[in-house]
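# Examination of the molecular architecture
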Amino acid sequence: FYFIFKRICEFILSVNILIILSPVIFLFSLLVVIQDGFPIFYSQFRKGKNNKINKIFKIRSMKKNSELNGPQWSSYNDSRITFVGKFMRKNRIDELPQLVSVIFGELSLIGPRPERPEIDDILKNVIGFYDSRYLVKPGITGWAQVNYPYGASIEDSKIKQSYDLYYVKNVSIILDLIILFKTIRLILNGRGAIPLKK
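These notes cover the structure that comes with them.

Reading the values: the criteria
Residues numbered from 1 in each chain as written. Predicted model: local features only at pLDDT ≥ 70, side-chain atom pairs only at ≥ 80, totals over all residues. Heavy atoms only, no water. Patch = residues over 30% accessible without salt bridge, like charges linked within 9 Å, V, L, I, M, F, W, Y side chains within 5 Å. Areas by Shrake-Rupley, 256 points an atom, 1.4 Å probe, with all protein chains shown as cover. Salt bridge = Lys/Arg side-chain N within 4 Å of Asp/Glu carboxyl O. Helix = DSSP H or I, 4+ residues; strand = E, 2+ residues; numbered from the N terminus. Buried < 20%, exposed > 50% of the residue type's maximum accessible area, 1.4 Å probe, protein only. Expected span 1.5 Å × (residues − 1). Bend = angle between axes of the 7 residues up to and from the residue. Core = buried A, V, L, I, M, F, W, Y, C linked by side-chain atoms within 4.5 Å. Contact = heavy atoms within 4.5 Å. Axes fitted to C-alpha atoms, helices over the stretch in contact; angles between N-to-C directions. Parallel < 35°, antiparallel > 145°, perpendicular 65-115°, else oblique. Nonpolar A, V, L, I, M, F, W, Y, C, P; charged D, E, K, R; others polar.

## So, a nonpolar patch on the surface
- A contiguous nonpolar patch, built from Phe1, Phe5, Ile173, Ile174, Leu177, Ile178, Phe181, Ile184 and Leu188 and spanning about 940 Å² of accessible area, is present on the exposed surface.
- By residue number, the principal contributor to the nonpolar patch is helix 7 (residues 173-189), which donates 7 residues.
- Using a relative accessible area of 69% as the deciding quantity, one classes Leu188 as exposed.

Written out as structure tokens, the structure is:
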């Protein structure tokens, strides 16, 4: 019942958010083109439920060809992030296209945040029970995201994994609502989307 109810609610909520915020997506897509040209969207492969690989899309917040040397975590004051990108990241605007993945059932609104396969392969060799996070569908936001700053290292990932395991063990409508309201508060405060200064 929980997973069926969650799927229905997330579908309805995602469709409505996309409709309401479509002018915001259009505006920032235009600003991306003005500042750094095309492409507007940036795609990444991420691990999904049962380790299935899915493609997600974001509004591009980094300069073109920012990962020519391969996938890497973003860092504090990352020079690859554009001026428009900094604002989008702070307010999670770049994440809005992922709602399409929620509508098609590849992502949830709430669940352990999926990682790129290249980084995932490193983390599962150094973090115990790492694949347990993929027993449920990954999400755009999650218990780790609302309780711990942006993770940009293996040590950060170890801490965030403990939050993800807690979520997997205690999935419930109440916990999802808590995460949803905490996420809204973080967005309004502009916190949690940018790596902290080490």
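## Here's the deal with helix 1 (residues 2-36)
- When the terminal C-alpha atoms of helix 1 are compared, their 43 Å separation across 35 residues is substantially less than the 51 Å that a helix rising 1.5 Å per residue should span.
- Within helix 1, the axis deviates most sharply at Leu21, by approximately 60 degrees, and proline Pro23 lies no more than four positions further along.
- Where helix 1 is concerned, the buried positions are Tyr2, Lys6, Glu10, Ser14, Leu18, Ile25, Phe28, Ser29 and Val32.
- Where helix 1 terminates, the next one or two residues include Gly37, which has phi positive at roughly 75 degrees.

## Thoughts on the pattern of salt bridges
- Taken as a whole and assessed by the stated rule, the structure comprises 8 salt bridges.
- Salt-bridge contacts for Arg60 lead to Asp36; the nearest nitrogen and oxygen are separated by 2.6 Å. One end of the pair, Arg60, is in the loop between strand 2 (53-59) and helix 2 (83-90); the other, Asp36, is in helix 1, with 24 residues separating them in the sequence.
- Overall, Arg60 belongs to the buried group, its relative accessible area being 6%.
- As a salt-bridge pair, Asp120 and Lys47 come within 3.0 Å of each other at their nearest N and O atoms. Remark: Lys47 occurs in strand 1 (residues 41-47) and Asp120 occurs in helix 4 (residues 117-123); sequence separation between them is 73 residues.
- Judged by its relative accessible area of 8%, Lys47 falls in the buried class.
- Residues participating in the shared-partner salt-bridge network are Lys58, Glu95 and Arg113.

## Overview of the nonpolar core
- Residues Ile59, Met88, Tyr167 and Ile179 are the most contacted members of the largest nonpolar core, which totals 27 residues.
- Put simply, the parts of the chain that give this core at least two residues each are helix 1, strand 2, helix 2, helix 3 (99-103), strand 3 (108-110), helix 5 (143-147), helix 6 (154-169) and helix 7.
- Here this core gets 5 residues from one element, more than from any other, and that element is helix 1.
- Beyond its immediate stretch of four places on either side in the chain, Met88 contacts Phe28, Val32, Ile59, Arg60, Ser61, Ile93 and Asp94.
- Ranked by size, the runner-up nonpolar core spans 5 residues in total, among them Leu123, Ile127, Tyr130 and Tyr134.

## Looking at the environment of Lys124
- Relative to the helices and strands, Lys124 resides in the loop between helix 4 and strand 4 (139-141).
- With relative accessibility at 35%, the residue Lys124 sits in the partly exposed group.
- Measuring from C-alpha to C-alpha, the distance between Lys124 and Lys137 comes to 18 Å, with 13 residues separating the pair along the chain.
- The contact partners of Lys124, leaving out residues within four places of it in the chain, are Lys47, Tyr130 and Asp131.

## Quick word on the packing of helix 1 against helix 2
- Where helix 1 meets helix 2, the closest approach of the two axes is 9 Å, and the angle between their N-to-C directions is 155 degrees. Relative to helix 2, the element helix 1 is oriented roughly antiparallel. Where helix 1 approaches helix 2, its residues Phe28, Leu31, Val32 and Gln35 are matched on the opposing element by Phe83, Val84, Phe87 and Met88.
- Its residues assigned to classes, the contact of helix 1 with helix 2 comprises 7 nonpolar, 1 polar and no charged.

## Quick notes on unusual backbone geometry
- A cis geometry characterises the amide bond from Phe38 onward to Pro39, with omega recorded as 0 degrees.
- Phi is positive for Asn50, which is not a glycine, with a value near 60 degrees.
- Turning to its location among the elements, Asn50 is positioned in the loop between strand 1 and strand 2.
- Asn50 sits in the exposed class, given a relative accessible area of 58%.

In short, shape yes, function no, at least from these values alone.
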